Amino acid sequence: MELIQTVGRRKTSVARALTTKGKGNITINNKEYKEYFPSIILHNKVIQPLKTINGIDKYDIRVSVSGGGITGQSEAVRLAIARAMVAIERALGVPVPVE
């Protein structure tokens, strides 16, 4: 798998995600996602697309996010990651689970 680039938007927040095969590292604006988003609810929003396809420890994701508040940013990151997972699943010919 090569580099997958996706964009997620929510309200005024914009997230750009770069996804590659890896060990499950998620960095947002050069910080680990648990450090960038302070609450467990926001942590779960970010990793929800990975949980859906059981891919938490399969991909490294680097995200650049800007604009809006912290909730809008977490939802923009979630959308960017979800779009990357859909692209990966389609490339592999696997049906994408709907949640």
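Structure first, text after, so check above.
What you see is a predicted model, and the numbers here were worked out from it, not measured in a lab. Residue positions within a chain follow its written sequence, with the count starting from 1. Confidence filtering applies because this is a predicted model: local features only for residues at pLDDT of at least 70, side-chain atom pairs given and counted only at 80 or more, and all residues used for totals across whole chains, interfaces and linings. As a rule here, side-chain values come from all non-hydrogen atoms in the structure, and water together with hydrogens is ignored.

Draft legend 1. Geometry of unusual backbone geometry. Of note in the backbone geometry, lysine 11 takes a positive phi value of approximately 55° without being a glycine. Secondary structure follows DSSP: runs of H or I at least 4 residues long count as helices, runs of E at least 2 residues long count as strands, and numbering of each begins at the N terminus. Secondary-structure assignment places lysine 11 in the loop between β1 (4-10) and β2 (13-21). Of note, the phi angle at asparagine 54 is positive, near 55°, even though the residue is not glycine. Looking at the element boundaries, asparagine 54 is found in the loop between α2 (40-52) and β5 (59-66).

Draft legend 2. The arrangement of the sheet that holds β1 in detail. Spatially, five strands are ordered β1-β2-β5-β3-β4 in an open sheet, and the strand pairing comes out mixed. Both edges of this open sheet fall to β1 and β4 (31-32), since each of them pairs with a single strand only. For two strands to count as paired, DSSP must find a minimum of two bridges between them. Alignment of strand β3 (residues 26-28) against β5, held across three bridges, turns out to be parallel. By the bridge assignment, isoleucine 28 is partnered in β5 with valine 63.

Draft legend 3. Quick look at the nonpolar core. Put simply, a nonpolar core is a bunch of buried Ala, Val, Leu, Ile, Met, Phe, Trp, Tyr and Cys residues held in one set by side-chain atoms that sit within 4.5 Å of each other. Burial here depends on accessible area, computed with a 1.4 Å probe over protein chains only, as a share of the maximum for the residue type. Under 20% is buried, over 50% is exposed, and the range in between is partly exposed. In terms of nonpolar packing, the biggest core is built from 24 residues, with Ile26, Ile28, Val46, Ile61, Val63, Val77 and Met85 touching the most fellow members. Looking at this core, the elements with two or more residues in it are β2, β3, α1 (33-36), α2, β5 and α3 (70-92). The element contributing the most residues to this core is α3, with seven residues. Contact definition: two residues touch when any of their heavy atoms are within 4.5 Å. Contact partners of isoleucine 61, with chain neighbours within four places excluded, come to Ala17, Leu18, Thr19, Asn25, Ile26, Thr27, Leu50, Ile81 and Met85.

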